[in-house]
Amino acid sequence: MSNGMRVDLSALDEVIRKLWTLLDDMDKAGQTSRYNTEIPMDAFGNTCLFLEAGDLQTAHKSAKSDLEKAIEGLHGLIDKFGKSTSKVKDKYTEQEYANKHQMGGDTGGSNGSYAK
């Protein structure tokens with residue numbers, strides 16, 4: 001009887017898949033924030049006569065920059081966590097494989113010298 005812990009490799013696979021999906025979504029959000037949220041100065045009027053037009057444009061650029069940085073940071077965090085999770089899963093898989101071969105193979109059958 002083992003006192004060790006058991007690792008559900010399929011659950012780790014599922015976490016990795018979800019992280020890669022989330023990473024893909026973050027890529028799309030990054031592209032959207034970078035290219036589809038620009039407000040040209042003339043959107044505030046052809047001549048921009050009202051006093052706050054420049055302040056509004058500056059605030060928009062600042063918010064857009066902050067959003068892009070936040071998405072970039074989240075992207076990096078998710079990427080790092082996904083790679084780390086994948087490495088952990090690979091190590092557990094390698095150890096499971098080694099354990100099976102130490103116990104007489106991975107078929108589960110009795111094919112050792114005592115089985116004959």
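See the structure above.
The structure contained in this document is the topic of the report that follows. Owing to the predicted nature of the structure, the values given are computational and were not obtained by experimental measurement.

Rules used in this analysis
Residues numbered from 1 in each chain as written. Predicted model: local features only at pLDDT ≥ 70, side-chain atom pairs only at ≥ 80, totals over all residues. Heavy atoms only, no water. Helix = DSSP H or I, 4+ residues; strand = E, 2+ residues; numbered from the N terminus. Contact = heavy atoms within 4.5 Å. Polar contact = N/O pair within 3.5 Å; in protein donor to acceptor, adjacent residues only side chain to side chain. Buried < 20%, exposed > 50% of the residue type's maximum accessible area, 1.4 Å probe, protein only.

## A look at the side chain of Q57
Next, step 1: Relative to the assigned elements, Q57 resides in helix α2 (residues 53-102).
Next, step 2: Setting aside its immediate chain neighbours within four residues, Q57 contacts E38, I39, P40, M41 and F44.

## Focus: the side chain of K64
Next, step 1: Along the chain, K64 falls in helix α2.
Next, step 2: At 2.8 Å, the side chain of K64 and the backbone oxygen of S33 are in polar contact.
Next, step 3: Leave out the neighbours within four places in its chain, and K64 touches S33, R34, Y35, T37 and E38.

## Points about the environment of L67
Next, step 1: Assignment of secondary structure puts L67 in helix α2.
Next, step 2: A relative accessible area of 41% means that L67 is categorised as partly exposed.
Next, step 3: Separated by 38 residues in sequence, L67 and A29 have C-alpha atoms that sit 9.8 Å apart.

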